[in-house]
Amino acid sequence: MSNTQKNRTTVDIYGQQYVIMGTESPSHIRNVASLVDDKMREISFRNPTLDSGKLAVLTAVNAVNDYLKMKDQLERLQSELLKEKD
């Protein structure tokens, strides 16, 4: 059993309230929720006929795409740094 304290934070994402539990600070959780809300509203603005399920999936696809791009960039930078140290 973990001794890590879990924070319970209520957030609003695309007009729905969610209670998110996690070890991150409430401000971090609110920031994440705000970014998700912003992305959902951005996608919805460009595609107003999407239902909320499809909107959520497209938001997740966009988030994972951004994550993978940043992960690749981080790996390239770390590789470059190792080459400079050698």
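See the structure above.
Residues numbered from 1 in each chain as written. Predicted model: local features only at pLDDT ≥ 70, side-chain atom pairs only at ≥ 80, totals over all residues. Heavy atoms only, no water.

1. A few points about the overall build of the chain
- Secondary structure summary: the chain contains two helices and two strands in total.
- When the elements of the chain are put in sequence order from the N terminus, they spell out β-β-α-α.
- Overall, the chain is about 50 × 40 × 20 Å in size when its C-alpha atoms are taken along their principal axes.
- When contacts within the chain are restricted to residue pairs at least 6 apart in sequence, long-range pairs at least 24 apart make up 15% of them.
- Total accessible area on the chain is roughly 7100 Å²; 54% of this is exposed by carbon and sulfur atoms.
- One finds the centroid of the 12 positive side-chain charges in the chain at a distance of 4 Å from the centroid of its 12 negative side-chain charges. (Helix = DSSP H or I, 4+ residues; strand = E, 2+ residues; numbered from the N terminus. Contact = heavy atoms within 4.5 Å. Areas by Shrake-Rupley, 256 points an atom, 1.4 Å probe, with all protein chains shown as cover. Lys, Arg positive; Asp, Glu negative; His and termini not counted. Charge placed at Lys NZ, Arg CZ, Asp CG, Glu CD.)

2. Some remarks on the pattern of salt bridges
- If you walk through the whole model with that rule in mind, you get three salt bridges.
- D37 is the partner of R41 in a salt bridge, and the nearest nitrogen-oxygen pair spans 3.0 Å. Linking R41 with D37, this pair stays in helix α1 (residues 26-46), spanning four residues, or about one helical turn.
- R46 is the salt-bridge partner of E42, the closest N and O atoms lying 2.5 Å from each other. You can see E42 and its partner R46 sitting in helix α1, four residues apart, about one turn around the helix.
- Classification of R46 by relative accessible area gives exposed; the value is 53%.
- Here the residues in one salt-bridge network are K39, E42 and R46, joined through shared partners. (Salt bridge = Lys/Arg side-chain N within 4 Å of Asp/Glu carboxyl O. Buried < 20%, exposed > 50% of the residue type's maximum accessible area, 1.4 Å probe, protein only.)

3. Side note on the packing of α1 against helix α2 (residues 52-85)
- Close contact between α1 and α2 brings their axes to 9 Å; oriented N to C, the two are set at 115°. Remark: the crossing between α1 and α2 carries right-handed chirality. The residues of α2 that touch α1, namely those facing V36, K39, M40, I43 and S44, are L55, A56, L58, T59, N62 and D66. (Axes fitted to C-alpha atoms, helices over the stretch in contact; angles between N-to-C directions. Left-handed = near helix turned anticlockwise from the far one by under 90°.)

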